[in-house]
Amino acid sequence: NDKMARKGAFIELLKKATAFIASRHVALFFCIVLVMGLCEGVMMSYTYLRVVLLPHGIPTVAGLSTVSIIVSEVLFFYHSGSLLKHFGLTKILGFSLVCVFLRQAWNAILMDA
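A few points on the structure. For every chain, the first residue of the written sequence is number 1, and numbering continues from 1 onward in sequence order. Local features in a predicted model are, by the rule used here, given only for residues with pLDDT of at least 70; side-chain atom pairs are given and counted only at 80 or more, and totals for whole chains, interfaces and linings are based on all residues. Based on all heavy atoms of the structure, the side-chain values leave hydrogens and waters out of the count.

**So, the packing of helix 2 (residues 24-53) against helix 5 (residues 89-109)**
Axis definition: a line fitted to C-alpha atoms, limited for helices to the stretch in contact. Angles are taken between N-to-C directions and run from 0 to 180 degrees. In DSSP terms, a helix is any run of H or I states spanning at least four residues, a strand is any run of E spanning at least two, and both are numbered starting from the N terminus. Packing of helix 2 against helix 5 brings their axes to within 10 Å, and their N-to-C directions diverge by 25°. Taken as axis vectors, helix 2 and helix 5 run roughly parallel relative to one another. Between helix 2 and helix 5 lies a crossing whose hand is left-handed. Note on element contacts: helix 5 touches helix 2 through Leu97, Val100, Arg103, Gln104, Asn107, Ala108 and Ile109, opposite Met36, Glu40, Met43, Met44, Tyr46, Thr47 and Arg50. We call two directions roughly parallel when the angle between them is under 35 degrees, roughly antiparallel when it is over 145, roughly perpendicular when it lies between 65 and 115, and oblique otherwise. The handedness criterion is simple: a crossing whose near helix is rotated anticlockwise from the far helix by less than a right angle is left-handed, and one whose near helix is rotated clockwise is right-handed. The contact criterion used is simple: two residues touch if any of their non-hydrogen atoms lie within 4.5 Å.

**Considerations on the layout of surface pockets**
Cavities and pockets are found on a 1 Å grid laid over the protein atoms alone: a cavity is a set of points where a 1.4 Å probe fits but cannot escape, a pocket is an open set with protein on both sides within 12 Å along at least five of seven lines, and a lining residue has an atom within 4 Å of such a point. Grid points are joined across faces, edges and corners, and a volume is the space filled by probe spheres set on the points. In this structure, the largest pocket occupies an estimated 1300 Å³ of space. Every residue lining the largest pocket is counted, 30 residues in all, and those nearest its centre are Met36, Ile92, Leu93, Ser96 and Val100. At the level of elements, helix 2, helix 3 (59-78), helix 4 (80-87) and helix 5 are the ones that each hand at least two residues to the lining of the largest pocket. Just so you know the grouping, Ala, Val, Leu, Ile, Met, Phe, Trp, Tyr, Cys and Pro go in nonpolar, Asp, Glu, Lys and Arg go in charged, and all remaining residues, Gly too, go in polar. Classifying every residue of the lining of the largest pocket by side-chain character gives 21 nonpolar, five polar and four charged.

**Some words on the pattern of salt bridges**
Here, a salt bridge means any Lys or Arg side-chain nitrogen found within 4 Å of an Asp or Glu carboxyl oxygen. Evaluated as defined, the whole model comprises one salt bridge. In this structure, Asp2 and Arg6 form a salt bridge, with 2.9 Å as the shortest nitrogen-oxygen distance. Residue Asp2 and its partner Arg6 are located together in helix 1 (residues 2-21), separated by four residues, close to a single helical turn. Arg6 shares its class with Asp2; the two are exposed. Accessibility here uses a 1.4 Å probe with only protein chains present; expressed as a share of the type maximum, an area under 20% marks a residue as buried, one over 50% as exposed, and anything in between as partly exposed.

**Things to note about helix 1**
Between the first and last residue of a helix there are one fewer steps than residues, each counted as 1.5 Å, and that sum is the expected span. Between the first and last C-alpha of helix 1 there are 28 Å, a value that for 20 residues agrees with the 28 Å anticipated at 1.5 Å per step. Within helix 1, only zero of the 20 residues are buried, leaving the element largely exposed.

**A word on the state of the cysteines**
Only a pair of cysteine sulfur atoms within 2.5 Å counts as a disulfide in this structure description. Using the criterion set out here, one finds zero disulfides in the structure. As a non-bridged cysteine, Cys31 has Cys39 as the owner of its nearest cysteine sulfur, 13 Å distant. Under the relative-accessibility criterion, Cys31 is labelled partly exposed at 47%.

**Notes on the environment of Ala62**
With respect to the element layout, Ala62 can be found in helix 3. With relative accessibility at 9%, the residue Ala62 sits in the buried group. For Ala62, the residues in contact, after removing those within four places along its chain, are Tyr48 and Val51.

**Concerning the environment of Lys91**
Looking at the element boundaries, Lys91 is found in helix 5. Taking the relative accessible area as the measure of exposure, Lys91 reaches 59% and is therefore exposed.

**Focus: the environment of Glu40**
Structurally, the position occupied by Glu40 is in helix 2. As a C-alpha pair, Glu40 and Gly88 span 48 residues in sequence and 23 Å in three-dimensional space.

Now the structure itself:
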């Protein structure tokens, strides 16, 4: 009897998890994460290629670029809760997309490392 109760609880939990994952908002979130992840990979590849092709571009400059990206991510990760509470998710995502655009525009017009 206990085994049947656990099986029923498991099936109920599985139904709730499936309904949660299949909801429109969660599906949209996963699509956004997938697209942003793919775009981040392309953007990082382009950044490194662009930095190395500059007249004084060496792997050290590309490495320092990575270090600056990581440091800024750590700082924003630490303060993300308070920023989200103060500005809201939509404004934060919009601001991050503007920053991504500006970073790529800067990489495109960069003349020397």
